[in-house]
Amino acid sequence: MQLKRKIGLVASLASLLLALPVAAQGADSQARGLNWRSDKDALPGTVMYSQIRQGSADVSTACVGGFNDKNCDAKTASLLVNNFLPTCDLEKVLDCIDTVSWIKSDGTVVAGKQTKVRGSAWDDYAYVRNEALRVNKPTLPGIFNFAGLTHSKGSDFAVTAHIATPIKAGVVSDPDISLVILPVYLVAGLDPADDSECLTANTSDVDTVCYKSAPMDDDPTFKMTLKLVSRPQGWMAGRIVNPSVTFTAPTADEKRTLVTLQGSSMKVQTIDRTYLSTNADQKAAWEKILTVISDSRAPWSSPGDVMYPLPPDKTSVGIFNSIVTKDATFDTADALKTVWRIDLQPKGRAEGLTSCDSSDFQGFVSSNAMVFKSALPNFDKTTGTLDYTVSSPHYKPDGKTAFEGRYDLLVATPFARCVWNLKAGEIPAKDVVTVTVQKGEETKVINAELSLDENYFRFTASGFTFSQAKLSIKLKPKEAITPTAPTTPAAPAPAPAAATPSAKATTITCVKGKTTKKVTAVKPTCPAGFKKK
């Protein structure tokens, strides 16, 4: 009974608000809590779900016995098969991890070595390998070591490569894949079910082995290579700095696409708070924000203990910003975590760009913001900008130091040329690549870096602060370049020129009816529809 209760909770992960029980607090006490935790791999374990449409919602039911469950016939049912990728020495046909490496500051590549597996098998929900359906046998994630790389608690790193494969009436779609590398340490003799800080592979992990996320001062650079049956399409989203994505086409000897992903880990803010009804201050603090949660189980009048682990995307921006207005302590992070994460989303598309859509890989977006409106940027046809709305606490855990934002965007060159109507041989003028940060009523134009090669337009923005920021990238006037010879590719655009000492930013006030906005830049101009006051 305990196992089936847990599996039901995991099946609800797709919903925005997942109410989870927390450790019992006693007959006279109740607990409430919420968190945003990018360091916790909140991913389903090795279990397959049958998905049935009921009204406007998809209801997921775990398949006991895998494909043998009467509701989980692969020929007729809609299934979602969750698993972890094996290493390629164990898998020669399906998707797998080829290598995981640490890149030292001098460029030396240190191959990672898997030393053990993490978690325990979920036998009641086991399924068999089915090559035709791209389903491997249930696999547990690994613990890796990299010679010379340590953190505050040792040298173990949890490498998680979660794969979710949709199957509908026997037809397989490209899977979503989530890749996570975290510094961890082992706490022996602890049942993971008794401690929410344990990183579990399956929610039924009962092998009395608990791995917890470890503090780490450095932000190491990792490279992971995968062998995938299908070349990735759509977008990737991540928590890494200076992302790099390369593809190597299949050959006669290797039928799979080799995908190489590289970038540096980043510090991401987290919030994790628990409130007890027996503590007057905590009880009052929860009452200040519970209306934002909009769930019938949130009030103290509802029995039991409830925790809300909130996702970084969807409507979390709105929830977080509303909570900050009610409780200013949320504008200070509880902790900074070292995270390396990449999510492959084959069906991901930037909204508003149907005319440029294609079946090929389109781009990669990465941010250190705690929450974002959408995992992918949106295209505003009116302004011609790719917009990305993010939020995070303004302060680091010390409550004094402002947390600086980081934003990396790779746009595949063919896709970028379509988005900004750039013809062959044209590149953006070197001094007019702009990134506009919108914070409340204030608009600020910040320095941006742009580089180009035959594969990507690469944008980087940093130095902005939170709570909320809207980043808009636009390529304005273009300049044509003429190759020195027909075989010479277009030269990369130089980095934006640094402002001379005499170029000082100024602020102007713009009005549109009753709306007022402030714009700060070297040469500030009012947004469309606004006039300078």
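Higher on the page you've got the structure.
The rules behind the values
Residues numbered from 1 in each chain as written. Predicted model: local features only at pLDDT ≥ 70, side-chain atom pairs only at ≥ 80, totals over all residues. Heavy atoms only, no water. Helix = DSSP H or I, 4+ residues; strand = E, 2+ residues; numbered from the N terminus. Buried < 20%, exposed > 50% of the residue type's maximum accessible area, 1.4 Å probe, protein only. Contact = heavy atoms within 4.5 Å. Areas by Shrake-Rupley, 256 points an atom, 1.4 Å probe, with all protein chains shown as cover. 1 Å grid on protein atoms, 1.4 Å probe; cavity = no way out; pocket = protein on both sides within 12 Å on 5 of 7 lines; lining within 4 Å. Points joined across faces, edges and corners; volume = space filled by probe spheres on them. Nonpolar A, V, L, I, M, F, W, Y, C, P; charged D, E, K, R; others polar. Pairing = 2+ DSSP bridges. Polar contact = N/O pair within 3.5 Å; in protein donor to acceptor, adjacent residues only side chain to side chain. Axes fitted to C-alpha atoms, helices over the stretch in contact; angles between N-to-C directions. Salt bridge = Lys/Arg side-chain N within 4 Å of Asp/Glu carboxyl O. Disulfide = S-S within 2.5 Å. Phe/Tyr/Trp six-rings, centres within 6.5 Å; stacked < 30°, edge-to-face > 60°. Expected span 1.5 Å × (residues − 1). Bend = angle between axes of the 7 residues up to and from the residue. Parallel < 35°, antiparallel > 145°, perpendicular 65-115°, else oblique. Left-handed = near helix turned anticlockwise from the far one by under 90°.

**Topic: the overall build of the protein chain**
Here is step 1 of the chain: A tally of helices and strands in the protein chain yields four helices and 34 strands.
Here is step 2 of the chain: Classification of the 533 residues of the protein chain by burial places 49% in the buried group.
Here is step 3 of the chain: Restricting to contacts in the protein chain with at least 6 residues of sequence separation, those with at least 24 account for 73%.
Here is step 4 of the chain: Only carbon and sulfur atoms are counted for the fraction: they give 52% of the accessible area of the protein chain, which is about 24,900 Å².

**What about the side chain of Thr-332?**
Here is step 1 of the chain: Summarising the element assignment, Thr-332 is placed in the loop between helix 3 (316-326) and strand 19 (335-345).
Here is step 2 of the chain: With residues near it in sequence (within four places) discarded, Thr-332 still touches Arg-273, Pro-393, Tyr-395, Lys-396, Pro-397 and Gly-399.

**Focus on empty space enclosed by the protein**
Here is step 1 of the chain: Counted by the stated rule, this structure contains four cavities of 30 Å³ or more.
Here is step 2 of the chain: Each pocket or cavity is described by its volume, and for the largest cavity that value is around 110 Å³.
Here is step 3 of the chain: Lining the largest cavity are 15 residues, and of these Pro-175, Leu-228, Pro-232, Leu-344 and Pro-346 sit closest to its centre.
Here is step 4 of the chain: Looking at the lining of the largest cavity, the elements with two or more residues in it are strand 14 (234-239) and strand 19.
Here is step 5 of the chain: Its residues placed into classes, the lining of the largest cavity shows eight nonpolar, three polar and four charged.
Here is step 6 of the chain: Approximately 100 Å³ is the volume found for the second largest cavity.
Here is step 7 of the chain: Elements with a contribution of two residues or more to the lining of the second largest cavity: strand 4 (78-84) and strand 9 (156-168).
Here is step 8 of the chain: A class-by-class count of the residues in the lining of the second largest cavity yields seven nonpolar, three polar and two charged.

**Considering the pairing of strand 14**
Here is step 1 of the chain: Of all the six residues making up strand 14, six are buried; the element is thus mostly covered by neighbouring parts of the structure.
Here is step 2 of the chain: Sheet topology note: the strand 14/strand 20 (residues 361-367) ladder contains five bridges and is parallel. Note on strand 20: the bridge partner recorded for Gly-238 is Ser-366.
Here is step 3 of the chain: Here strand 14 runs beside strand 19; their pairing, made up of five bridges, is antiparallel. Each residue of the ladder has a partner; that of Trp-235, found in strand 19, is Gln-345.

**Thoughts on the side chain of Ser-472**
Here is step 1 of the chain: Along the chain, Ser-472 falls in strand 30 (residues 468-475).
Here is step 2 of the chain: By relative accessible area, which is 12% here, Ser-472 ends up buried.
Here is step 3 of the chain: A polar atom in the side chain of Ser-472 sits 2.7 Å from the side chain of Asp-387.

**A closer look at the sheet that holds strand 16 (residues 257-264)**
Here is step 1 of the chain: The five strands lie next to each other as 6-5-13-16-15, forming an open sheet whose pairing is antiparallel. With one partner strand each, in any of the chains shown, strand 6 (109-111) and strand 15 (241-248) form the two edges of the open sheet. Across the sheet, the mean angle from the axis of one strand to that of its neighbour is 20°, orientation sign disregarded.
Here is step 2 of the chain: Sheet analysis places strand 5 (residues 96-103) next to strand 13 (residues 221-228), joined by seven bridges and oriented antiparallel. Across the sheet, the residue bridging to Ile-103 is Thr-221, located in strand 13.

**Observations regarding the pattern of salt bridges**
For side chains bearing opposite charge, pairing can occur when the charged atoms are close.
Here is step 1 of the chain: Taken as a whole, this structure holds 18 salt bridges when the rule is applied.
Here is step 2 of the chain: Its salt-bridge partner being Asp-272, residue Arg-37 comes within 2.7 Å of it at the nearest N-O pair. Linking Arg-37 in the loop between strand 1 (31-36) and strand 2 (48-54) with Asp-272 in strand 17 (residues 266-276), this pair joins segments that are 235 residues apart in sequence.
Here is step 3 of the chain: We classify Arg-37 as buried; its relative accessible area is 12%.
Here is step 4 of the chain: Overall, Asp-272 belongs to the partly exposed group, its relative accessible area being 29%.

**Structural notes on the state of the cysteines**
Here is step 1 of the chain: Taken as a whole and assessed by the stated rule, the structure comprises three disulfides.
Here is step 2 of the chain: Between Cys-63 and Cys-72 runs a disulfide, and the two sulfur atoms are separated by 2.0 Å. With the S-S dihedral at roughly -90°, the linkage between Cys-63 and Cys-72 falls on the left-handed side.
Here is step 3 of the chain: Relative accessible area serves as the criterion here: at 0%, Cys-63 is assigned to the buried category.

**Let's talk about helix 3**
Here is step 1 of the chain: Among the residues making up helix 3, those that are buried are Ser-316, Val-317, Ile-319, Phe-320, Asn-321, Ile-323 and Val-324.
Here is step 2 of the chain: In this fold, the buried residues of helix 3 make contact with strand 1, strand 17, helix 2 (280-293), strand 21 (371-372), strand 23 (385-391) and strand 30.

**Here's the deal with the packing of aromatic side chains**
Here is step 1 of the chain: Scanning the model with the defined rule gives 16 aromatic pairs in all.
Here is step 2 of the chain: Taking 5.6 Å as the distance between ring centres and 90° as the angle between the ring planes, the aromatic pair formed by Trp-36 and Phe-320 counts as edge-to-face. With Trp-36 in strand 1 and Phe-320 in helix 3, the pair connects residues that are 284 residues apart, well separated along the chain. An identical accessibility class is assigned to Trp-36 and Phe-320; each is buried.

**As for helix 2**
Think of an α-helix as 3.6 residues a turn; residues three or four steps apart then line up on the same face.
Here is step 1 of the chain: Helix length check: helix 2 (14 residues) gives 20 Å between terminal C-alpha atoms against 20 Å at 1.5 Å per residue, within 8%.
Here is step 2 of the chain: The largest bend in helix 2 comes to about 35°, at Glu-287.
Here is step 3 of the chain: Turning to helix 2, its buried residues are Ala-285, Trp-286, Ile-289, Leu-290, Val-292 and Ile-293.
Here is step 4 of the chain: Packing partners of the buried residues in helix 2 comprise strand 1, strand 17, strand 18 (306-309) and helix 3.
Here is step 5 of the chain: The opening residue of helix 2 is Asn-279, an N-cap whose side-chain oxygen sits 3.0 Å from the backbone nitrogen of Asp-281.

**Things to note about the packing of helix 2 against helix 3**
Here is step 1 of the chain: Packing of helix 2 against helix 3 leaves a shortest axis separation of 9 Å and a crossing angle of 155°. Classed by the angle they form, the pair helix 2 and helix 3 counts as roughly antiparallel. Both helix 2 and helix 3 take part in a crossing whose hand is right-handed. Within the contact between the two elements, helix 2 uses Lys-288, Ile-289, Thr-291 and Val-292 and helix 3 uses Ile-319, Ser-322, Ile-323 and Lys-326.
Here is step 2 of the chain: Among the residues making up the contact of helix 2 with helix 3, the classes are represented as four nonpolar, two polar and two charged.

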